[in-house]
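Residues per chain are reported as follows:
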Amino acid sequence: MTTATTTRFPTAGTELEGDLVLPAGANGIVVFAHGTGSSRHSPRNRLVAAELNRRSLGTLLVDLLTHAEEVGDARTRDLRFDIGLLADRLSGLVGWLGDNPETSSLPVGLFGASTGAAAALVAAAAHPERVAAVVSRGGRPDLAGPALIQVDAPTLLIVGERDVPVVELNEQARNAMTVSAELRIVPGATHLFEEPGALEIVAEEAGTWFATHLR
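J.: Is there a simple way to explain the sheet that holds strand S3 (residues 29-33) in this structure?
T.: To summarise the sheet geometry, strands pair through backbone hydrogen bonds and adopt either a parallel or an antiparallel arrangement. Judged by pairing direction, the sheet is mixed, and its eight strands sit side by side in the order S1-S2-S4-S3-S5-S6-S7-S8 without closing on themselves. Bordering the open sheet on either side are strand S1 (3-11) and strand S8 (181-186), each of which pairs with just one other strand. Strand after strand, the sheet turns through a mean of 20 degrees between neighbouring axes, direction not considered. Pairing of S3 with strand S4 (residues 58-62) involves four bridges; the strand directions are parallel. By the bridge assignment, Val31 is partnered in S4 with Leu60. The strands touched by helix H3 (residues 83-99) within the sheet are S1, strand S2 (14-22), S3, S4, strand S5 (108-113) and strand S6 (131-137), with S1 carrying the most contacts at an inclination of about 120 degrees. Sheet strands touched by helix H5 (residues 164-176): S6, strand S7 (155-160) and S8. Its angle to S7, the strand with the most contacts, is close to 160 degrees.

J.: Explain the nonpolar core here, please?
T.: For soluble globular proteins, the rule of thumb is that nonpolar side chains tend to be buried together. With 45 residues, the main nonpolar core has Val31, Leu60, Leu90, Leu93 and Leu110 as its most contacted residues. Beyond its immediate chain neighbours, meaning those up to four positions away, Leu93 contacts Phe9, Thr11, Val31, Leu60, Val62 and Leu64. Core analysis: the second largest hydrophobic core is formed by 23 residues, Phe32, Phe111, Val186 and Leu199 among them.

J.: Is there a simple way to explain the pattern of salt bridges in this structure?
T.: Side-chain pairs of opposite charge can arise whenever the charged atoms involved come near each other. Overall, the coordinates contain eight salt bridges when judged by the stated rule. Measuring nitrogen to oxygen at the nearest pair gives 3.4 Å for the salt bridge that ties Arg8 to Glu15. Between Arg55 and Glu204 there is a salt bridge whose closest N-O contact spans 2.9 Å. Taken together, the residues Arg55 in the loop between helix H1 (43-54) and S4 and Glu204 in helix H6 (residues 198-213) connect sequence positions 149 residues apart. On the basis of relative accessible area, Glu204 is assigned to the partly exposed category, the value being 40%.

J.: Any chance you could explain the pairing of S1 here in plain terms?
T.: Along any regular strand the residues' side chains alternate between the sheet's two faces. In this sheet, S2 lies alongside S1 in antiparallel orientation, the contact comprising nine bridges. In the sheet register, Thr5 faces S2, and the bridge partner there is Leu20.

J.: Help me understand the packing of H3 against helix H4 (residues 115-126), please; the structure alone is not making it clear to me.
T.: One can describe the packing of H3 onto H4 by two numbers: an axis separation of 8 Å at closest approach and a directional angle of 55 degrees. As far as their axial angle goes, H4 and H3 are oblique. For the crossing formed where H3 meets H4, the hand is right-handed. Along its contact with H3, which presents Ile83, Leu86, Ala87, Leu90 and Ser91, the element H4 presents Thr115, Ala118, Ala119, Ala120, Val122, Ala123 and Ala126.

J.: Just to check I follow, could you spell out the side chain of Asp19 for this structure?
T.: Tracing the backbone through its elements, the reader meets Asp19 in strand S2. Residues in contact with Asp19, not counting those within four places in the same chain, are Thr5, Thr6, Phe9, Arg40, Arg46, Thr59, Leu60 and Leu61.

J.: Honestly, the packing of H1 against H6 in this entry has me stumped. Any pointers?
T.: Relative orientation and spacing of two packed helices are given, respectively, by the angle between their axes and the distance between those axes. Running from amino to carboxyl end, H1 crosses H6 at an angle of 45 degrees, the nearest separation of the two axes being 9 Å. With respect to each other, H1 and H6 are oriented oblique. For the element pair H1 and H6, the recorded crossing hand is right-handed. Seen from H1, the contacting residues are Arg44, Leu47, Val48, Glu51 and Leu52; seen from H6, they are Leu199, Glu200, Val202, Ala203, Glu204, Ala206, Gly207 and Phe210.

J.: Is there a simple way to think about unusual backbone geometry in this case?
T.: Leaving glycine aside, a negative phi is the common case for residues, and trans is the common case for peptide bonds. Positive phi is not limited to glycine here, since Ser56 has a value of about 65 degrees. Along the chain, Ser56 turns up in the loop between H1 and S4.

J.: Would you mind showing me how to read the packing of aromatic side chains here?
T.: What characterises a pair of aromatic rings is the spacing of the ring centres plus the angle enclosed by the ring planes. Counted under the stated rule, the structure contains two aromatic pairs. With 4.9 Å between their ring centres and 90 degrees between their planes, Phe9 and Trp96 make a pair best called edge-to-face. With a gap of 87 residues between them, Phe9 in strand S1 and Trp96 in helix H3 connect regions that are remote in the sequence. Residue class for Phe9 comes out buried when judged on its relative accessible area of 1%. Since its relative accessible area comes to 21%, Trp96 is described here as partly exposed. When the ring of Phe32 is compared with that of Phe111, the centres are 4.9 Å apart and the planes differ by 35 degrees; the resulting orientation is tilted.

Criteria and cut-off values
Residues numbered from 1 in each chain as written. Predicted model: local features only at pLDDT ≥ 70, side-chain atom pairs only at ≥ 80, totals over all residues. Heavy atoms only, no water. Pairing = 2+ DSSP bridges. Helix = DSSP H or I, 4+ residues; strand = E, 2+ residues; numbered from the N terminus. Axes fitted to C-alpha atoms, helices over the stretch in contact; angles between N-to-C directions. Contact = heavy atoms within 4.5 Å. Core = buried A, V, L, I, M, F, W, Y, C linked by side-chain atoms within 4.5 Å. Buried < 20%, exposed > 50% of the residue type's maximum accessible area, 1.4 Å probe, protein only. Salt bridge = Lys/Arg side-chain N within 4 Å of Asp/Glu carboxyl O. Parallel < 35°, antiparallel > 145°, perpendicular 65-115°, else oblique. Left-handed = near helix turned anticlockwise from the far one by under 90°. Phe/Tyr/Trp six-rings, centres within 6.5 Å; stacked < 30°, edge-to-face > 60°.

So, in structure tokens, the structure goes:
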């Protein structure tokens, strides 16, 4: 039996709305960090989350900005690139999972898209004892700054073949990281993986990575 809860999660001095899904006998849980201008309702992240649930992994999809912040960010576009803010909130969510009786024993993974991937890497570096794996989809690992080389968790970088500038940034990140870091390039895919079958490849790769490392 799978339990699904929509609630507000306290983190970093605020509360964020999110969806927590826990399959019966879950082997781990993955927190999603959405990308620029997106939200927890991202159909791309939800497709990946459904694949993880199928593999008996819990998922937590959260809006990393409050409603008021989203309204302001739609005008200024400032907060979506505030990696420190997003990483602090992810760190708070990792802490909440550790305190929650239903999830405290589960290893944690982080799945980040676009700028959310940078926040995921920073949060992983801050919580080496809790974060066991990271997956980046079309991510900007360069925005993680010096935290990139401090990440201890095995990291999978997934990029579309036609997203050329981001491919180069991810190749540089993979070469700079000191842990097990692998790069997967999805043939024919662009930044949002909108091509037929591209997102399914992302979900399969992410599912295999988390199933392997969240033990």
